[in-house]
Amino acid sequence: MAEDTIPIGLQPKELEAVYAISRAVARSVNVEEALNEIIQIIRGVLIFDNMTMFIPREGDLLEPTYARVIGRGRSAEADLVWGESTAHEAFITQSTYIHHEKLAGWEKDRLCWRDFLGIPLYSKEERIGALVFGRFGGPPYTPDHIHLAEFIAAHIAQLLEHQKLVDRIATLEAERRLQRLQDNFIATVSHELNTPLGFIKGYATTLLREDITWDEATRREFLTIIDEESDRLRELIDNLLDSSRLQAGTMRMQPQPVRLNRLLREITLRATTRHHGLSVVINSESDALIRVDPVRLAQVFDNLLSNAVKYAPGSPVLLYAETDADKVHIRLQDQGPGIAPEYVSHIFERFYRVPNTSPNTHGTGLGLYICYEIISAHGGEITVESEPGQGTTFHIYLPYSQEDQQNRSATQEINL
Ligand code: ADP
């Protein structure tokens, strides 16, 4: 096994390199970047033309996972993976192995004189791979070179071990986050499903009671509640399905030419009919013909407007649209209570809800995630600007080209 104590008799330059390698290993977050850095360091103290790292894939079968050609042979065979048999020998015998070969013509072509130095890589007592240094045209490896190379290999083994731990921690962290997310999700979804279901069941059972006769007005009132709560259930289930389709990448957009002004007017009409008391003012300088999926884009605005109703009750909503050379910019602004800065960056995350939002506002934290994904699928961008007490503004940018505009103005626009 390679020694990982500092080799005695190191020159000051070598010692400095050895410390620089230790530092590169200690702060590494990415094996390849760290190896690139280490290669640069060891170039100054060890003669070699290429270095290749091999890792076992199946049993004793080694696979090159990193190779750098830095000296001779670079232009000739830069992509070649060197010294596979040397790596294998070092790995199997668990000891440093030197392979020396002089092929015909070596006096003229230095690439025909090859010295490979293979060193096994260990983590604790376990073999984890092999490192091979290749040299062309000599000089042969001396015991000092070998000792230094073994020391470097021990550090590279530490680097791999370190990376394994970092990966393991990241996996555990991701598993824990997923678990937390799933727990929250189940709690939120059960609550959200239960509430409308409770109303539906309660009012239906009440209406079915044989011992009471309801007058027409009360009957209608109960049925209206059942109707509205069923809509809420449907909306929730649609959101859940959309979210999982977006997550799986199976939601297809069906872009068509659409007049922006007309889209905004139709959406607004639908929202104000649905939410009594909602006032939306449209201020659009643009009547661009944009290429979007009208149903999905309408879904985005429906979400934003029903959020304004929920989280900025009583506030008018202003809808601005303007066009520049390559994009359409739509702003949807309310004058509600706004969102505290620490929560703003999370609101497009799946299932994210701002903590301590009024208990009367129902939601699953899917609406803005869906908006974000739909706008991204159109090659656009959605951002938010909000300050407590100052209201909230959503910005939507959609790609648009004047050239397209001219080509399409002849084509028929599609109605919503
Ligand atoms: P949901 O409404 O189901 O909670 P969303 O993804 O639509 O989920 O919104 C995420 C969070 O963003 C909401 O819980 C709410 O706290 C906040 N939010 C969204 N729109 C507004 C708004 N117009 N004003 C203030 N807060 C908002």
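What counts, and where the lines are drawn
Sequence order as written defines residue numbering, which begins from 1 separately in each chain. Given that the model is predicted, a residue must reach a pLDDT of at least 70 before its local features are reported, and side-chain atom pairs must reach 80 or more before they are shown or counted; all residues, however, enter totals for whole chains, interfaces and linings. Where side-chain values are given, they derive from all heavy atoms of the structure, hydrogens and water being excluded. A 1.4 Å probe that fits into a set of points on a 1 Å grid over the protein atoms alone but cannot get out defines a cavity; an open set with protein on both sides within 12 Å along at least five of seven lines defines a pocket, and lining residues are those with an atom within 4 Å of a point. Grid points are joined across faces, edges and corners, and a volume is the space filled by probe spheres set on the points. Note on conventions: DSSP H or I runs of at least 4 residues are helices, E runs of at least 2 residues are strands, and numbering of each starts at the N terminus. Polar here means any residue other than Ala, Val, Leu, Ile, Met, Phe, Trp, Tyr, Cys and Pro, which are nonpolar, and Asp, Glu, Lys and Arg, which are charged; Gly is therefore polar. Put simply, a salt bridge is a Lys or Arg side-chain nitrogen that is within 4 Å of an Asp or Glu carboxyl oxygen. Working definition: with a 1.4 Å probe on protein chains only, accessible area under 20% of the residue-type maximum means buried, over 50% means exposed, and in between means partly exposed. Strand pairing requires that DSSP identify at least two bridges connecting the strands. We call a set of buried Ala, Val, Leu, Ile, Met, Phe, Trp, Tyr and Cys residues a nonpolar core when their side-chain atoms join them within 4.5 Å. By definition in these notes, contact holds between two residues if any of their heavy atoms fall within 4.5 Å. Being near a molecule or strand, for a residue, comes down to having at least one heavy atom within 4 Å of it. Contacts described as polar in this section are N or O atom pairs within 3.5 Å, which, within protein, must combine one atom able to donate a hydrogen with one able to accept it, while residues neighboring in sequence count only if both atoms come from side chains. Each accessible area is a Shrake-Rupley result for a 1.4 Å probe, and residues are judged covered by the shown protein chains and nothing else. Occupancy of a cavity or pocket is assigned to a molecule whenever over half of its atoms lie within 2 Å of that pocket's grid points.

Colleague: Lay out the layout of surface pockets in plain terms, naming residues and giving numbers.
Modeller: The gaps left among the atoms become clear once a water-sized probe is rolled over them. Each pocket or cavity is described by its volume, and for the largest pocket that value is around 1400 Å³. Contributing to the lining of the largest pocket are 46 residues, with S306, N307, K310, Y311 and H362 lying nearest its centre. Contributions of two or more residues to the lining of the largest pocket are made by α5 (143-208), α6 (216-248), α8 (294-311), β10 (327-334), α10 (367-377) and β12 (391-399). Grouping the constituent residues of the lining of the largest pocket by class yields 18 nonpolar, 18 polar and 10 charged. Reported here for the second largest pocket is a volume of approximately 540 Å³. Lining the second largest pocket we find 20 residues, and of these E235, R270, R274, Q299 and D302 sit closest to its centre.

Colleague: Could you give an account of the pattern of salt bridges, naming the residues involved and the relevant values?
Modeller: If you walk through the whole model with that rule in mind, you get 16 salt bridges. Linking E216 and R219 is a salt bridge whose minimum nitrogen-to-oxygen distance equals 3.4 Å. On the criterion of helical spacing, the pair formed by E216 and R219 is a turn pair, its members being three residues apart in helix α6. The class for E216 is partly exposed, based on a relative accessible area of 47%. A salt bridge links R245 to D242; the shortest N-O distance between them is 3.0 Å.

Colleague: Residue-level account of the pairing of strand β1 (residues 50-58), with values.
Modeller: Of the strand pairs in this sheet, β1 and strand β2 (residues 61-69) are connected by eight bridges, and their pairing is antiparallel. By the bridge assignment, E58 is partnered in β2 with L61. From the end of β1 to the start of β2, which pair antiparallel, there are two residues, and G59 there has a positive phi angle of about 55°. Pairing analysis gives five bridges linking β1 to strand β5 (residues 126-136), with the strands arranged antiparallel.

Colleague: If you had to explain the nonpolar core to someone new, which residues and values would you point to?
Modeller: Residues I290, F301, L304, I330 and I396 are the most contacted members of the largest nonpolar core, which totals 45 residues. Sorting the residues of this core by element identifies α7 (260-274), β8 (289-292), α8, β9 (317-323), β10, α10, β11 (381-387) and β12 as the ones contributing at least two each. Setting aside anything within four residues of it in sequence, one finds L304 in contact with L332, L368, C371, I382, F394 and I396. Formed by 39 residues, the second largest nonpolar core is a distinct cluster that contains V18, Y141, L148 and L159.

Colleague: Outline the site of the ligand, supporting the account with residue identities and numerical values.
Modeller: Neighbouring residues of the ligand: 18 residues in total, closest N307, Y311, R353, T364 and L368. At 3.0 Å from an oxygen atom of the ligand is found a side-chain nitrogen or oxygen belonging to K310. Out of a free accessible area of 530 Å², the ligand has 96% covered by protein chains. Comparing atom positions with the cavity grids shows the ligand to sit within the largest pocket. Only α8, α10 and β12 provide two or more residues apiece to the shell around the ligand. Tallying contributions element by element places α8 first for the shell around the ligand, with three residues. Of the residues assigned to the shell around the ligand, the class counts are eight nonpolar, seven polar and three charged.

Colleague: I'd love a proper account of unusual backbone geometry, names of residues and values included.
Modeller: Of note, the amide linkage connecting G138 to P139 takes the cis form, showing an omega dihedral of -5°. With respect to the secondary-structure elements, P139 resides in the loop between β5 and α5. Here the phi dihedral of Q94 falls at roughly 55°; this positive angle occurs in a residue that is not glycine. Residue placement: Q94 occurs in the loop between α4 (84-93) and β3 (97-102).

The values are spatial; any link to function lies outside them.
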